[in-house]
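As a plain string of letters, each chain reads:
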Protein chains: 2
Amino acid sequence: MPQFEGSRKVYVQGQLFSELRVPFREVELDSGAKSLRLYDVTGSFTDPQVSVDMRAGMAPIRSAWIAKRADVQPVAAPVGRRHESAVDFPSRNVPLRARSGRSLTQLYYARNGMVTAEMEFVALREGLDPDFVRREVAEGRAIIPANINHPEVEPMAIGRNFLTKINANIGNSALSSSVGEELEKMVWALRWGADTVMDLSTGKNIHATRSWIIRNCPAPVGTVPIYQALEKVAGKVEDLTWEIYRETLLEQCEQGVDYFTVHAGVLREFLPMALRRKTGIVSRGGSILAKWMRIHDKENFLYTNFEEICEILSAYDVAFSLGDGLRPGSTADANDEAQFGELRVLGELTATAWKHDVQVMIEGPGHVPLNKIKENMDRQLALCHGAPFYTLGPLVVDVGAGYDHITSAIGAAMIGWMGTAMLCYVTPKEHLALPDRNDVRAGIVAHKIAALAADLAKGHPLAIAWNDAMSEARFAFRWEDQYRLSLDPENARRFREASYPKDGTSNRCCTMCGPDFCAMKISQDISLTR
Amino acid sequence: MPQFEGSRKVYVQGQLFSELRVPFREVELDSGAKSLRLYDVTGSFTDPQVSVDMRAGMAPIRSAWIAKRADVQPVAAPVGRRHESAVDFPSRNVPLRARSGRSLTQLYYARNGMVTAEMEFVALREGLDPDFVRREVAEGRAIIPANINHPEVEPMAIGRNFLTKINANIGNSALSSSVGEELEKMVWALRWGADTVMDLSTGKNIHATRSWIIRNCPAPVGTVPIYQALEKVAGKVEDLTWEIYRETLLEQCEQGVDYFTVHAGVLREFLPMALRRKTGIVSRGGSILAKWMRIHDKENFLYTNFEEICEILSAYDVAFSLGDGLRPGSTADANDEAQFGELRVLGELTATAWKHDVQVMIEGPGHVPLNKIKENMDRQLALCHGAPFYTLGPLVVDVGAGYDHITSAIGAAMIGWMGTAMLCYVTPKEHLALPDRNDVRAGIVAHKIAALAADLAKGHPLAIAWNDAMSEARFAFRWEDQYRLSLDPENARRFREASYPKDGTSNRCCTMCGPDFCAMKISQDISLTR
């Protein structure tokens with residue numbers, strides 16, 4: 001993957017940890033304008049000094065930091081081995097876990113006053129004080145998803161006092177896609193700016209697909225383990241057991257997944273409420289658990305075994321993304337008793353997870369009309385003790401099929417501004433089909449816009465500097481700089497150049513207004529003669 | 001232009017005016033679901049009973065209503081004739097104006113307790129009481145832009161207690177496009193849902209392009225007359241005079257333009273403020289007037305002659321769209337003293353226009369970060385006496401080049417919810433090039449989403465019914481109905497069908513999740529067995 005034209009990879013060295021090399025995309029600008037450093041999620045893929053070999057995986061930059069903390073030990077009998085297949089990633093190190101009686105989560109370290117290399121990495125990325133990062137993590141307002149078995153990850157933070165992040169979902173379904181395609185989608189997602197990637201595969205080769213992704217992904221990787229658990233019982237919900245789920249958790253912890261969506265808040269008592277709705281249950285995980293509870297007439301096994309799940313996650317520093325299995329799938333169902341009942345349970349589970357030093361974020365809806373968005377944020381803050389909110393959209397209308405990246409970006413921008421820490425992208429194919437490369441690009445750019453709009457509204461200095469650099473380039477007709485500073489430099493260039501005459505017509509306009517009607521040109525002329 | 005598949009044109013007859021035939025698009029739904037009537041802006045283009053001949057123009061449905069009011073007379077020496085060209089529309093009736101001493105604006109009628117055919121038409125379109133429409137117009141909270149010389153128009157209202165409307169800009173530039181292309185763009189804009197169309201041509205054949213558009217457009221047509229005035233002096237701002245502008249106004253009033261953007265609030269005193277900005281003046285009209293004031297060292301001639309402009313507009317019932325010549329062109333410039341100084345003047349001019357019974361709406365920005373949008377709406381309401389607000393976007397970031405339909409839709413949805421009556425679309429080519437057909441479609445659909453999101457948040461029954469019909473079709477896997485109820489039925493169908501296997505796989509899923517992981521299917525199964 002080449003770097004965007006006019007940008008180059010630069011690294012900033014750590015101060016507390018001198019081995020830290022924090023990446024930025026430096027955008028060089030014309031005409032003496034100062035170059036601009038942008039947050040960079042593309043890892044080694046855009047470093048010309050690194051020859052990328054996806055069969056070898058990315059460099060395990062965190063291995064030394066983890067080893068130095070001396071609180072890990074090899075897993076004696078890894079679960080993952082049993083699930084490897086011919087297409088799996090060429091295996092390497094034995095997976096690690098916490099030494100008996102030790103805690104090694106970023107939350108544990110932060111609470112105990114320790115600024116980790118991961119925290120300084122985050123601080124340098126975002127222009128913050130390392131101890132500020134530590135405090136945000138210690139208070140549970142931010143998480144740094146970084147499984148000790150994903151040493152390739154470039155640490156990043158999800159929290160409302162950090163840049164708003166976006167997640168891109170990839171993964172195959174039973175009807176579509178292969179390992180290679182999903183790996184390509186992952187790299188592609190990073191190119192356009194995904195801060196984390198969720199592998200939501202439900203089709204063939206779930207374990208192998210995930211191995212290739214994790215070993216090559218500089219961003220945190222999230223999953224929904226119930227999908228693989230269900231695959232292990234051939235899609236038969238009735239055959240799901242806690243034991244199979246537990247084994248799946250261990251397998252994925254050992255593999256290096258950084259955060260798990262766990263739908264532990266979908267309780268039996270909420271089902272009658274959810275099934276009365278216009279669109280019932282629209283979370284895949286939520287519906288699986290609902291069906292399981294119906295069949296067995298028992299409480300959700302993720303809820304009844306939640307303490308044990310916490311113990312497992314804490315041994316690898318895997319973060320919770322507490323799933324909103326009862327999110328509304330239509331604006332009609334927004335903010336109902338099923339949704340908010342589950343949210344209340346997620347708040348209780350947050351407190352439980354924190355007892356075990358496990359990092360937590362909370363998933364949010366869904367389809368919500370504009371006038372009901374604020375209540376979602378207010379309640380989440382009140383019920384979930386300030387844990388980061390991670391929302392899908394929300395989509396503000398139901399009739400946008402084919403354009404749901406836009407219906408989602410509208411709600412996402414608003415809830416991001418109100419304090420949501422990470423926005424899950426939605427692509428134009430939502431509700432219709434599995435997204436392809438073009439959809440992934442469109443979905444990511446739409447949600448980068450939403451995240452940046454939120455950051456700008458929150459007054460983030462980096463967002464202001466970026467937008468101002470663009471506006472200055474625009475007013476000065478520095479077209480190359482405008483392309484470079486755009487969220488999608490390739491499209492910006494292509495759009496203008498496709499229609500602009502190449503006959504020496506003045507560069508101080510575009511085809512929208514032509515030379516006589518360009519307001520900025522006239523405005524500039526006046527300024528020059530004043 | 002064919003009707004969307006599964007929809008048909010229906011008409012509702014007037015009660016006060018039995019000759020009224022108010023069009024709707026009736027969406028037929030499968031499985032006994034009730035059909036849904038949607039607001040329809042496509043005029044005769046989608047009526048299979050009408051054979052459209054663009055050389056003849058649309059039927060002048062309002063002519064009889066206008067004649068019956070007996071307050072018009074033919075214009076003795078039409079200005080327009082002088083400007084006709086070989087490519088002009090084959091001319092027809094002599095233009096009309098108010099009889100001496102008579103007023104004929106919808107505002108005048110409304111203030112005098114008269115419910116016009118235009119008002120009943122609007123009431124039937126929106127499911128409102130005709131006298132409610134009259135009161136909204138009488139109070140200045142809504143306008144019905146309907147020049148007596150545009151009898152082809154299907155009356156519609158712009159006001160915050162009506163459905164949120166969207167405008168599509170078309171028109172050529174010196175560098176691009178022809179009459180035929182612009183006419184095609186107009187029809188295309190209606191197809192995707194534009195409620196009004198602005199012809200912003202600045203290139204060749206301005207008069208002729210406009211004739212063809214007006215004679216064939218069932219939606220109100222707006223213009224910015226200063227563009228044509230400048231063309232008449234060969235683009236030399238210094239040669240612009242009040243007399244040339246005045247003649248241009250008369251020409252366009254006679255032709256049938258329904259509303260004029262008039263930048264009468266760009267005063268000399270604001271120029272130093274505007275020229276200190278990061279992006280100066282970004283309104284074409286605003287920059288032209290600024291340059292004129294600089295060259296002649298005089299006050300804006302639109303301001304000094306404003307009373308006479310009111311007299312002219314009142315004789316044809318052309319509405320003002322008081323232009324925001326000093327709107328911010330970058331988020332850095334939002335809500336500054338230049339912008340709000342001009343808005344204060346627009347409020348004063350609103351009162352002046354109302355004295356003359358001229359209908360008024362107020363144009364708004366521009367580039368505004370999310371946290372500064374509300375202040376725009378609050379001030380507009382306070383300063384402009386409740387006149388409808390008509391905003392461009394606002395665009396919530398500056399770096400979205402190539403995706404500015406999205407940056408704009410985000411701000412538009414929010415300000416629409418707060419009470420903005422009409423949203424001006426922005427296309428993906430904004431800042432880069434003149435939009436083509438695909439851009440017009442993308443821009444319109446994005447802003448239809450914004451408008452519908454606003455209406456849904458405001459609790460409009462039509463918006464709720466439409467979204468609920470879609471959600472019910474979605475939950476019942478009625479795919480054909482989902483396509484029909486989508487804002488872009490063609491794309492929705494294409495996206496799903498391109499990837500869905502045609503081998504008899506169950507219809508109760510899509511390729512995103514496949515059959516085993518479809519939450520709605522599982523959720524439905526549970527409901528059925530409960």
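Structure first, text after, so check above.
Every value quoted in this text rests on a predicted model; they were computed, and no experiment measured them.

Engineer: Would you mind going over the overall build of chain A with me for this structure?
Structural biologist: Secondary structure summary: chain A contains 20 helices and 15 strands in total. Its C-alpha atoms give chain A a radius of gyration of 23 Å, near enough to 24 Å, the size a compact globule of 530 residues would have. Its C-alpha atoms put chain A at 80 × 55 × 45 Å along the principal axes. Expressed as a percentage of the 530 residues in chain A, the buried residues total 68%. In chain A, the share of contacts with a sequence separation of at least 24, taken over all contacts with a separation of at least 6, comes to 72%. On chain A, roughly 16900 Å² of surface is accessible, and the fraction owed to carbon and sulfur atoms is 50%.

Engineer: What's the story with the relation of the copies chain B and chain A in this structure? I'm lost.
Structural biologist: These two copies of the chain differ by a rotation about an axis and a displacement along the same axis. Of the two same-sequence chains, chain B is brought onto chain A (RMSD 0.0 Å, axial shift 0.0 Å) by a rotation of 180 degrees. Here the transformation between the copies is reduced to the relation of a two-fold axis. When each C-alpha of chain B is compared by its distance to the rotation axis, Ile410(B) comes out closest, at 2.3 Å. Most of the interface of chain B is mirrored in chain A, where 100% of its interface residues again form contacts.

Engineer: Explanation requested: the pairing of strand E12 (residues 319-322) of chain A in the structure shown.
Structural biologist: In the case of a regular strand, side chains alternate between the two sheet surfaces. Residues and elements named next belong to chain A. Of the two faces of E12, the one holding Ala319 and Ser321 and the one holding Phe320 and Leu322 are both buried throughout. Here four bridges tie strand E11 (residues 259-262) to E12, and the two strands are oriented parallel to one another. For Thr261, the partnering residue across the bridge sits in E12 and is Ser321. Taken together, the three bridges between E12 and strand E13 (residues 360-364) define a ladder with parallel strand orientation. Paired with Phe320 across the two strands is Val360, which belongs to E13. You can see the chain leave E12, run along helix H13 (residues 337-355) and come back into E13, and the turn it takes is right-handed.

Engineer: Can you walk me through unusual backbone geometry in this structure?
Structural biologist: Residues apart from glycine generally show negative phi values, whereas peptide bonds are mostly found in trans. Residue Pro394(A) is reached from Gly393(A) by a cis peptide bond, and omega for that bond is 5 degrees. Tracing the backbone through its elements, the reader meets Pro394(A) in the loop between strand E14 (389-392) and helix H15 (404-418). Here Pro365(B) and Gly366(B) are connected by a cis peptide whose omega angle stands at 15 degrees. Relative to the elements of secondary structure, Gly366(B) occurs in the loop between strand E13 (360-364) and helix H14 (373-383). Positive phi is not limited to glycine here, since Ala70(A) has a value of about 55 degrees. Structurally, Ala70(A) can be placed in the loop between helix H1 (63-69) and strand E4 (72-74). In this structure, His385(A) is a non-glycine residue whose phi angle is positive, near 60 degrees. If you trace the backbone, His385(A) turns up in the loop between helix H14 (373-383) and E14.

Engineer: It is not clear to me how the sheet that holds strand E3 (residues 36-39) of chain A should be interpreted in this structure. Could you clarify?
Structural biologist: Strands belonging to one sheet form pairs held by backbone hydrogen bonds; the direction of such a pair is parallel or antiparallel. All names here are of chain A. Pairing is antiparallel across the open sheet formed by three strands, whose spatial order is E1-E2-E3. On the outer flanks of this sheet lie strand E1 (7-13) and E3, each paired with one strand and no other. Taken pair by pair, the neighbouring strands of this sheet meet at an average axis angle of 45 degrees, ignoring direction. Across seven bridges, the pairing between E1 and strand E2 (residues 21-27) is antiparallel. The residue bridging Ser7 from the neighbouring strand is Val27, located in E2. Along the sheet face, helix H3 (residues 117-126) touches E1, E2 and E3 and points at about 15 degrees away from the line of E2.

Engineer: I keep staring at the pattern of salt bridges and nothing clicks. Help me out?
Structural biologist: Should the charged atoms of two oppositely charged side chains come close, the side chains can pair. Residue and element names in this part refer to chain A. Within the structure shown, the criterion is met by 74 salt bridges over all chains. For Asp357, the salt bridge is made with Arg111, and the minimal N-O distance between the two is 2.8 Å. One end of the pair, Asp357, is in the loop between H13 and E13; the other, Arg111, is in helix H2 (residues 106-111), and 246 residues separate them in sequence. Taking relative accessible area as the criterion, Arg111 reaches 39% and is therefore assigned partly exposed. Counted as one network, the salt bridges with shared partners bring together Glu5, Glu480, Arg493 and Glu497.

Engineer: Which parts of the structure should I look at to understand the interface of chain B and chain A?
Structural biologist: One frequently used descriptor of interface size is the decrease in accessible area upon assembly of the parts. Counting residues at the interface gives 96 residues for chain B, matched by 96 residues for chain A. On the chain B side of the contact with chain A, Val399(B), Tyr403(B) and Phe517(B) bury the most area, a combined 10% of that side's loss. Our count for the contact surface shared by chain B and chain A stands at two salt bridges. Residues Lys278(B) and Glu472(A) are paired through a salt bridge, measuring 2.4 Å at the closest nitrogen-oxygen approach. There are 17 residue pairs in polar contact (both at pLDDT 80 or more) connecting chain B and chain A.

Engineer: Could you clarify how one ought to interpret helix H7 (residues 225-232) of chain B in this entry?
Structural biologist: In an α-helix, one full turn covers 3.6 residues, which means residues spaced three or four apart are oriented alike. All names here are of chain B. Counting buried positions along H7 yields six of eight residues, so the element is predominantly enclosed. Inspection of H7 places Pro225, Ile226, Tyr227, Gln228, Ala229 and Leu230 among the buried residues, and these make up the whole buried set. For H7, the elements touching its buried residues are helix H6 (206-216), strand E10 (221-223), helix H8 (242-255), strand E11 (259-262), helix H10 (284-296) and helix H11 (301-304). Among the residues trailing H7, Ala234 stands out with phi positive, at a value near 55 degrees.

Engineer: How should I be thinking about the environment of Asn147(B) in this particular structure?
Structural biologist: Residue and element names in this part refer to chain B. Relative to the assigned elements, Asn147 resides in the loop between strand E6 (142-143) and strand E7 (158-159). Along the primary structure Asn147 and Val257 are separated by 110 residues, whereas in three dimensions their C-alpha atoms are 6.4 Å apart. Residue contacts for Asn147: discarding those within four places in its chain leaves Arg62, Gln252, Cys253, Gly256, Val257, Asp258, Tyr316, Asp317 and Val318. A distance of 2.7 Å separates a polar side-chain atom of Asn147 from the backbone oxygen of Val257.

Engineer: I'm lost on the packing of aromatic side chains in this one. Help?
Structural biologist: Between two aromatic rings, the relevant description is the distance of the centres plus the angle of the planes. Tallied over the full model, the rule gives 22 aromatic pairs over all chains. Between Phe89(B) and Trp212(B) the ring centres are 5.1 Å apart and the planes differ by 80 degrees, which places this aromatic pair in the edge-to-face class. Of this pair, Phe89(B) sits in the loop between strand E4 (72-74) and strand E5 (96-98) while Trp212(B) sits in helix H6, placing them 123 residues apart in sequence. Assigned by exposure class, Phe89(B) and Trp212(B) land together as buried. One aromatic cluster is present, built from ring pairs that chain together Trp242(A), Tyr245(A), Trp292(A) and Phe301(A). For Arg21(B), the ring lying beneath its charged end belongs to Tyr11(B), and the centroid distance is 3.9 Å. Looking at Arg496(B), its charged tip hangs above the ring of Trp479(B), at a distance of 3.6 Å from the centre.

Engineer: Just to check I follow, could you spell out the side chain of Gln252(B) for this structure?
Structural biologist: In this structure, Gln252(B) sits in helix H8. Each residue touching Gln252(B), except ones within four places of it in the same chain, is listed here: Asn147(B), Arg210(B), Thr223(B), Pro225(B), Gln228(B), Val257(B) and Phe260(B).

Engineer: Where do I start with the sheet that holds E13(B) in this structure?
Structural biologist: Pairing within the closed barrel is parallel, and its eight strands lie in the order E8-E9-E10-E11-E12-E13-E14-E15 (chain B). Averaged over all pairs of adjacent strands, the angle between their axes in this sheet comes to 25 degrees, without regard to strand direction.

Engineer: Any chance you could explain the nonpolar core here in plain terms?
Structural biologist: If you look at soluble globular proteins, the nonpolar side chains tend to sit buried side by side. If you look at the biggest cluster of nonpolar residues, it comprises 349 residues, and the most contacted ones within it are Tyr245(A), Phe320(A), Tyr245(B) and Phe320(B). If we skip the residues at most four places from it in the chain, Tyr245(A) touches Pro225(A), Ile226(A), Ala229(A), Thr261(A), Val262(A), Phe301(A), Leu302(A) and Ile309(A).

Engineer: Would you mind going over the packing of H6(B) against H7(B) with me for this structure?
Structural biologist: When two helices pack together, you describe them by how their axes are tilted relative to each other and by the distance separating the axes. Residue and element names in this part refer to chain B. Relative to each other, H6 and H7 sit at 145 degrees, their axes nearing to 10 Å. Contacts between H6 and H7 pair Ile206, His207 and Arg210 from the former with Tyr227, Gln228 and Glu231 from the latter. The class makeup of the residues in the contact of H6 with H7 is two nonpolar, two polar and two charged.

Definitions and limits used
- Residues numbered from 1 in each chain as written.
- Chains lettered and ligands numbered in written order.
- Predicted model: local features only at pLDDT ≥ 70, side-chain atom pairs only at ≥ 80, totals over all residues.
- Heavy atoms only, no water.
- Helix = DSSP H or I, 4+ residues; strand = E, 2+ residues; numbered from the N terminus.
- Rg over C-alpha atoms; globule rule 2.2 N^0.38 Å.
- Buried < 20%, exposed > 50% of the residue type's maximum accessible area, 1.4 Å probe, protein only.
- Contact = heavy atoms within 4.5 Å.
- Areas by Shrake-Rupley, 256 points an atom, 1.4 Å probe, with all protein chains shown as cover.
- Least-squares fit on C-alpha atoms with pLDDT ≥ 70 in both.
- Pairing = 2+ DSSP bridges.
- Right-handed = clockwise from strand over helix to strand, strands pointing away.
- Axes fitted to C-alpha atoms, helices over the stretch in contact; angles between N-to-C directions.
- Salt bridge = Lys/Arg side-chain N within 4 Å of Asp/Glu carboxyl O.
- Buried area = accessible area lost by both parts, 1.4 Å probe.
- Polar contact = N/O pair within 3.5 Å; in protein donor to acceptor, adjacent residues only side chain to side chain.
- Phe/Tyr/Trp six-rings, centres within 6.5 Å; stacked < 30°, edge-to-face > 60°.
- Lys NZ or Arg CZ within 6 Å of the ring centre and 35° of its normal.
- Core = buried A, V, L, I, M, F, W, Y, C linked by side-chain atoms within 4.5 Å.
- Nonpolar A, V, L, I, M, F, W, Y, C, P; charged D, E, K, R; others polar.

These results come straight from atomic positions and should not be treated as a statement about function.
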